[in-house]
Amino acid sequence: MTGPDRTTEEETGPLAATSILFLCGLNAIRSPMAEALARALLPADVYIVSAGVKSGERDPFVDAVLAEKGLGLGARLPRCFDELEDGFFELIVTMAPEAHHVALDATRADAVRIEFWPMPDPSATEGTREQILGAYRELRDRLERKIRERFGLPDQPAA
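These numbers were taken from a predicted model, which means no experiment stands behind them.

Chemist: When you look at the packing of aromatic side chains in this model, what are you seeing that I'm missing?
Modeler: The geometry of an aromatic ring pair is captured by two quantities: the separation of the ring centres and the angle between the planes. For the coordinates displayed, the defined rule picks out three aromatic pairs. Their ring planes at 5 degrees and their centres at 6.1 Å tell us that Tyr47 and Phe89 sit as a pair that is stacked. Of this pair, Tyr47 sits in strand S2 (residues 47–52) while Phe89 is found in the loop between helix H3 (60–67) and strand S3 (91–94), placing the two residues 42 residues apart along the sequence. Its guanidinium or amino end placed over the ring of Phe151, Arg150 lies 5.0 Å from that ring's centre, counting from NZ or CZ.

Chemist: Explain the nonpolar core to me, please; I cannot follow it from the model alone.
Modeler: Side chains that are nonpolar tend, in soluble globular proteins, to be buried together. If you look at the biggest cluster of nonpolar residues, it comprises 31 residues, and the most contacted ones within it are Ile20, Phe22, Met33, Met95, Tyr136 and Leu143. Sorting the residues of this core by element identifies strand S1 (19–24), helix H2 (30–41), H3, S3 and helix H5 (129–150) as the ones contributing at least two each. Element by element, the count of residues in this core is highest for H5, at six residues. In contact with Ile20, not counting residues within four places along its chain, are Leu42, Val46, Tyr47, Ile48, Val49, Phe89, Leu91 and Phe151. Within the second largest apolar cluster, 15 residues are counted, among which are Val49, Leu84, Ile92 and Ala99.

Chemist: So what exactly am I meant to see when it comes to the environment of Asp155 here?
Modeler: Along the chain, Asp155 falls in the segment after H5. The spatial distance from the C-alpha of Asp155 to the C-alpha of Glu144 is 9.3 Å, given a sequence separation of 11 residues.

Chemist: Sorry, what's going on with helix H4 (residues 97–106) here?
Modeler: Since the α-helix advances by 3.6 residues per turn, residues separated by three or four positions end up pointing in the same direction. Inspection of H4 places Ala99, His100, Ala103 and Leu104 among the buried residues, and these make up the whole buried set. Along the axis of H4, the buried residues cluster in a sector spanning 135 degrees; they form a single face. Looking at H4, the residues exposed on the side facing more than 90 degrees away from the buried face are Pro97 and His101. Tucked into the core, H4 has its buried residues touching S1, S3 and strand S4 (113–116).

About the cut-offs
Residues numbered from 1 in each chain as written. Predicted model: local features only at pLDDT ≥ 70, side-chain atom pairs only at ≥ 80, totals over all residues. Heavy atoms only, no water. Phe/Tyr/Trp six-rings, centres within 6.5 Å; stacked < 30°, edge-to-face > 60°. Helix = DSSP H or I, 4+ residues; strand = E, 2+ residues; numbered from the N terminus. Lys NZ or Arg CZ within 6 Å of the ring centre and 35° of its normal. Core = buried A, V, L, I, M, F, W, Y, C linked by side-chain atoms within 4.5 Å. Buried < 20%, exposed > 50% of the residue type's maximum accessible area, 1.4 Å probe, protein only. Contact = heavy atoms within 4.5 Å. Arc of directions from axis to C-beta.

Structure (C-alpha cells):
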C-alpha cells in the first residue's frame, strides 16, 4: 500500500528520519537487534525504539552476537507495540508479515513511512550451538547491511 502517507524507500531514496520504530513479532530477536545496530550507526539525535506485536522473552543469542560487535541491550526487556508511550514515528520498519499488517492498521490516518524488511527468524535454526549462533550472526550482519544501505552509510571496512 503506497500513497502520500505510505511512501517506500524505492520511491524516496535514503531519507533521514528523526524517529524510527523497528517492529517484529515478539521484540525478542529481529527488532531489538535492529534497534541496537541502528543506535550504533545513526546519529545520537535519532529516536530509535523497537517493539513486537506480542509479548516475547529476551533471547540470549541476541546478546551473544551483539556483544561480538561491542553492542548490547543493557537491561532492556521486550515490549509490545500497544505499550509504547510515543505512538508517532516518521519511519516504521517491519520485519515480519504480522508486524507489517499491524503497523498499517494502526497508522491508517498518520503521515508515516512504513517499510517491510523481511528478515528470517533464526530461532527456527536447529543444530549445534555454533550453528545456531551462525544463524543469529547472519541476521545481525544482514540487518547492519540493510541499515547502512537504507540510510546511505558507508559499508563497514573488511576486518
